[in-house]
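# Structure assessment
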Amino acid sequence: MLVPPGFEAALLGLLGLLIGSFLNVVIYRLPVMLQAQWEAECADLHGKPVPEQPAFNLMTPRSRCQACSHQLRWFENVPVLSYLVLRGQCSQCHSRISPRYPLIELTTAALFFYCGWRWGANAYGLAWCGFSAALLAMTMIDWDTTLLPDTLTLPLLWAGLIATTLNLTHITLTESVWGAVGGYLSLWLVYWAFKLATGKEGMGFGDFKLFAALGAWFGWQALIPIILMASVIGAATGIAMKFSSGLREGGYIPFGPFLAGAGLTAMVAGPNAILKTLGL
């Protein structure tokens, strides 16, 4: 019995809603967890006692209102639906809940739906669903904190190499390996050239690793289209934010979200379509 493509896409879209809800947890908690880990390591290096902290990870404690600490019941934590029923407010203190939470859930669902429509609910579709979810999480974390955690960039890099080995990316393993090498080294060289010329750091090492991961998924041929698109959109966004006084202190914006956006564009339209869009 043949399963209609729309059914598989809808199935993955529903999965995307659930994964999107989990991504909200990752986006908020992972930077806090890393900060606590760094503080503990610094204290240990200086011979200071590390104060005990209550368990805080991706599973514990349960989700709660950030304003009044009300612990969310299961029916208050249903993706998108709970936000609509609660009218974007905490059921206890009526504090406003950011619309960003349902938007991330809907975005994840849309990306998963696309993967299901294009590849089906199979190894291909699931591989690219994972790719999409990782990029979305990194986009939001980098935008909030200017941090691209190794716990996300490096698994995405290895996943790209493994997916290529399993013939899930439509490129050869050689192209994937050189894509990873070229992605890392190209931004590494730009970083050092900028630092030697200005004495400042223009980007973080997480950007190198993310670009290497994109190279592993798309191959070395896609590096130029991806970096061009990320640079053009990043520059346009930076100019717009400067004129609207939206730049944060220091006058910079993270580059990771634009790399991730270019990666998602390459997934949907292909690297060659990026060049055509840019008129090249």
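Residues numbered from 1 in each chain as written. Predicted model: local features only at pLDDT ≥ 70, side-chain atom pairs only at ≥ 80, totals over all residues. Heavy atoms only, no water.

### Some remarks on the nonpolar core
Judged by nonpolar contacts, the single largest core of 57 residues is most densely connected at Phe 131 and Phe 218. Of all the secondary-structure elements, those providing two or more residues to this core are helix H1 (5-45), helix H3 (100-119), helix H4 (123-145), helix H5 (150-165), helix H6 (173-198), helix H7 (205-218), helix H8 (223-243) and helix H9 (256-269). Sequence-distant contacts of Phe 218, that is, excluding residues within four places in its chain, are made with Trp 128, Phe 131, Ile 171, Ile 226, Gly 263, Ala 266 and Met 267. (Core = buried A, V, L, I, M, F, W, Y, C linked by side-chain atoms within 4.5 Å. Buried < 20%, exposed > 50% of the residue type's maximum accessible area, 1.4 Å probe, protein only. Helix = DSSP H or I, 4+ residues; strand = E, 2+ residues; numbered from the N terminus. Contact = heavy atoms within 4.5 Å.)

### Describing unusual backbone geometry
Here the amide bond leading from Thr 60 into Pro 61 is cis, since omega sits at -5°, within 30 degrees of zero. Take Pro 61: it is sitting in the loop between H1 and helix H2 (81-85). Residue His 170 is not a glycine yet carries a positive backbone phi of 65°. Its place among the elements puts His 170 in the loop between H5 and H6. Relative accessible area serves as the criterion here: at 61%, His 170 is assigned to the exposed category.

### Description of H6
Two residues of an α-helix separated by three or four positions point the same way, owing to the 3.6 residues in each turn. Taking 1.5 Å of rise per residue, the 26 residues of H6 would be expected to cover 38 Å, and the 38 Å separating its terminal C-alpha atoms lies within 8% of that figure. By the burial criterion, the buried members of H6 are Ser 176, Gly 179, Ala 180, Gly 183, Leu 187 and Tyr 191. As for H6, its buried residues are in contact with H5, H7, H8 and H9. Gly 199 occupies a position one or two residues after H6 and carries a positive phi of about 80°. (Expected span 1.5 Å × (residues − 1).)

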